[in-house]
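Residue-level listing of the chains:
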Amino acid sequence: MNGPMNVLLTGATGFLGEYLLAELLERGHTVWALYRNASRRIDTIRFLGSLGLPYTADSLHWFKCEVLELDKRWDRLCQQHPGIHEVNTLLHSAASIRLHMDKSGEPLRTNLGGAKVLARLAERIPIQVHMISTAYVCGLVQGAIIREINHPPGDFVNVYEESKWEAEQLWHLKATLLRPSIIVGHSETARCKTFTGWYILFQAMHLLDRLMDENKDFNRLNLDIHLPSAPHATINIVPVDYVARAAVAIIENPDNHNKIFHLTHPDPPSHQWTMDYVCKRFNVGGIHFSGDGTSMTEPRNPIERMVYRQIKTILFHFSNNPVFDRTNTNHATPHMPVPPITQDRVDRLLDYAIARDWGQGPG
Ligand SMILES: NC(=O)c1ccc[n+]([C@@H]2O[C@H](COP(=O)([O-])OP(=O)(O)OC[C@H]3O[C@@H](n4cnc5c(N)ncnc54)[C@H](OP(=O)(O)O)[C@@H]3O)[C@@H](O)[C@H]2O)c1
């Protein structure tokens, strides 16, 4: 490390952003945290307080701004916030994580628009840029090894992945591209703010559990469902604390700058492991994998139809199965093991999610 960084962090109030912020402060860096919502900022301050952060009064500064206005408002921000002009590092975590396009044009608006705005800002001020992207910029992949390189446009599963790929094209070789896979809660506390992605699978099973409970004549131990996916394929999940720790360690070393890093799990759970876990946890049985490219069996009665509908909502999790190469990440972080995904850890992640009613309850 070349001494402490002076970091402009976007997305500081988000799920990953909070852990990036905590990690930067713990490592002695100064942070200028961009926020847009006062109550979200207070939640983040509370979270930092629970960790005893920040250690010093002048290591964390907040400033309110919409990321899409950062370049236009920069001169005004420099007048309003003495010291902000000294930032030398930009860690861009803000994004819209909507999977499909809404009326306002999200997620493209923030994800590609934000990348363009930051490119204009970086033309005006000397700043080293690091972007949180996603490992799924590779698009839909069945079992192939995905390297830490710039990918040609893939068969994108949703607009979100495409918007992140578009953003990467603007920044390739000009910014460090940090690509997490599916981020889940903290490896010890299980704390999580966004119960999307991988959690949806378990939320669906949780709902199904109640549905089957209400229909006593339905045989929950023999659902006889065949999922069109391969049992040995994997879902790549990675704990949020690992992603933050690895991201900060990587950007601290100038040798890593402007390269690409997969912040993914080297030993992710297989679909069969996940399904065995689901069956045990929710006391169901008879869900099988019939292999890639097969079709689902037809429901035979109304209850089965509901069960199938629930299962279908999670099918996309089982259909995209890249194997992520981590050569650059292993080289950059040789002594940073990724917490293993064990039954005990998944139990804690789900207990936490259920206690918070999958994000509807208090945070
Ligand atoms: N979660 C995952 O599984 C996952 C996986 C791979 C990569 N990633 C990437 O990791 C990064 C963080 O994701 P996350 O899960 O932490 O998402 P998140 O919880 O939704 O946080 C997103 C953050 O971005 C901010 N933001 C969004 N649009 C903005 C805008 N137009 N201007 C200013 N701030 C804006 C949000 O501010 P508010 O608090 O005001 O809403 C929030 O702080 C993103 O780049 C995402 O693409 C996430």
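Predicted, not measured: the structure shown is a model, and the values here were computed from it.

Q: Teacher, can you tell me more about the sheet that holds strand S2 (residues 30-35) here?
A: Sheets are built from strands that pair by backbone hydrogen bonding, the pairs being arranged parallel or antiparallel. With parallel pairing, seven strands are arranged side by side in an open sheet as S3-S2-S1-S4-S5-S7-S11. In the strand order of this sheet, the two ends are held by strand S3 (60-64) and strand S11 (260-263), each with one partner. The average undirected angle you get between the axes of adjacent strands in this sheet is 20 degrees. Where strand S7 (residues 175-180) and S11 come together, four bridges link them in parallel fashion. Bridge pairing in S11 links Leu177 to Ile260. The strands touched by helix H5 (residues 159-171) are strand S5 (128-132) and S7; relative to S7, the strand with the most contacts, the crossing angle is about 155 degrees.

Q: Got a minute to help me understand the side chain of His151 in this structure?
A: With respect to the element layout, His151 can be found in the loop between strand S6 (142-146) and H5. Engagement of the side chain of His151 in a polar contact is seen with the side chain of Arg179, the distance being 3.2 Å. Not counting residues within four places of it along the chain, the set of residues in contact with His151 comprises Val137, Cys138, Ile146, Trp165, Gln169 and Arg179.

Q: Got a minute to help me understand the site of the ligand in this structure?
A: Taken together, 26 residues are adjacent to the ligand, and Thr13, Arg40, Glu66, Tyr160 and Lys164 come closest. A distance of 3.1 Å separates an oxygen atom of the ligand from a polar atom in the backbone of Ser93. Relative to its unbound accessible surface of 900 Å², the ligand loses 90% to contact with the protein. Those elements that place two or more of their residues in the shell around the ligand are helix H1 (15-26), H5 and strand S8 (182-184). Here the residues of the shell around the ligand are counted per class, giving 12 nonpolar, 10 polar and four charged.

Q: Explain the pattern of salt bridges here, please?
A: When the charged atoms of two side chains with opposite charge come close together, those side chains can pair. Taken as a whole and judged by the stated rule, the model has 19 salt bridges. With a closest N to O distance of 3.9 Å, Glu66 and Arg36 form a salt bridge. Taken together, the positions of Glu66 in the loop between S3 and helix H3 (74-80) and Arg36 in the loop between S2 and helix H2 (38-50) put the pair 30 residues apart, joining distant regions of the chain. Each of Glu188, Asp344, Arg345 and Arg348 takes part in salt bridges that share partners, so that together they form one network.

Q: Is there a simple way to explain the nonpolar core in this structure?
A: Counting 78 residues, the largest nonpolar core has Leu20, Leu21, Leu91, Leu178, Trp198, Tyr199 and Phe202 as the members making the most contacts within it. For this core, the leading source of residues is helix H7 (residues 240-252), giving nine residues. Formed by 26 residues, the second largest nonpolar core is a distinct cluster that contains Leu8, Phe63, Ile84 and Trp171.

Q: Help me out: how do you make sense of the side chain of Ser59 in this one?
A: As for its position among the elements, Ser59 is in the loop between H2 and S3. For Ser59, a relative accessible area of 9% corresponds to the buried category. At 2.8 Å, the side chain of Ser59 and the backbone oxygen of Thr56 are in polar contact. Discounting residues that sit within four places of it in the chain, Ser59 has contacts with Leu25, His29, Thr30, Val31 and Pro54.

Q: Honestly, the packing of aromatic side chains in this entry has me stumped. Any pointers?
A: For the structure shown, the criterion picks out 10 aromatic pairs. Between Phe195 and Tyr199 the ring centres are 5.1 Å apart and the planes differ by 80 degrees, which places this aromatic pair in the edge-to-face class. Across this residue pair, the class does not change: Phe195 and Tyr199 are buried. For the ring pair Phe202 and Tyr277, a centre distance of 6.2 Å and an interplane angle of 80 degrees mean the geometry is edge-to-face. Of this pair, Phe202 sits in helix H6 (residues 198-213) while Tyr277 sits in helix H8 (residues 271-282), and the two are 75 residues apart along the sequence. Exposure class is identical for Phe202 and Tyr277. Each is buried. Grouping aromatic residues by their ring pairs yields a cluster made of Phe195, Trp198, Tyr199, Phe202, Trp273, Tyr277 and Tyr352. Seen from the ring of Phe47, Arg191 lies directly overhead, with NZ or CZ sitting 3.9 Å from the centre. The cationic tip of Arg356 hangs over the ring face of Tyr352; the distance from NZ or CZ to the ring centre is 3.7 Å.

Q: Looking at this structure, I do not really get the pairing of S2. What am I missing?
A: In the case of a regular strand, side chains alternate between the two sheet surfaces. For S2, the tally of buried residues reaches five of six residues, placing the bulk of the element in the interior. As paired elements, strand S1 (residues 6-10) and S2 share four bridges and run parallel to each other. Bridge pairing in S2 places Asn6 opposite Thr30. Examined bridge by bridge, S2 and S3 share five bridges and lie parallel to one another. The residue bridging Val31 from the neighbouring strand is Leu60, located in S3. Read from S2 through H2 to S3, the crossover connection turns out right-handed.

Procedures and definitions
Residues numbered from 1 in each chain as written. Predicted model: local features only at pLDDT ≥ 70, side-chain atom pairs only at ≥ 80, totals over all residues. Heavy atoms only, no water. Pairing = 2+ DSSP bridges. Helix = DSSP H or I, 4+ residues; strand = E, 2+ residues; numbered from the N terminus. Axes fitted to C-alpha atoms, helices over the stretch in contact; angles between N-to-C directions. Contact = heavy atoms within 4.5 Å. Polar contact = N/O pair within 3.5 Å; in protein donor to acceptor, adjacent residues only side chain to side chain. Near = heavy atom within 4 Å. Areas by Shrake-Rupley, 256 points an atom, 1.4 Å probe, with all protein chains shown as cover. Nonpolar A, V, L, I, M, F, W, Y, C, P; charged D, E, K, R; others polar. Salt bridge = Lys/Arg side-chain N within 4 Å of Asp/Glu carboxyl O. Core = buried A, V, L, I, M, F, W, Y, C linked by side-chain atoms within 4.5 Å. Buried < 20%, exposed > 50% of the residue type's maximum accessible area, 1.4 Å probe, protein only. Phe/Tyr/Trp six-rings, centres within 6.5 Å; stacked < 30°, edge-to-face > 60°. Lys NZ or Arg CZ within 6 Å of the ring centre and 35° of its normal. Right-handed = clockwise from strand over helix to strand, strands pointing away.

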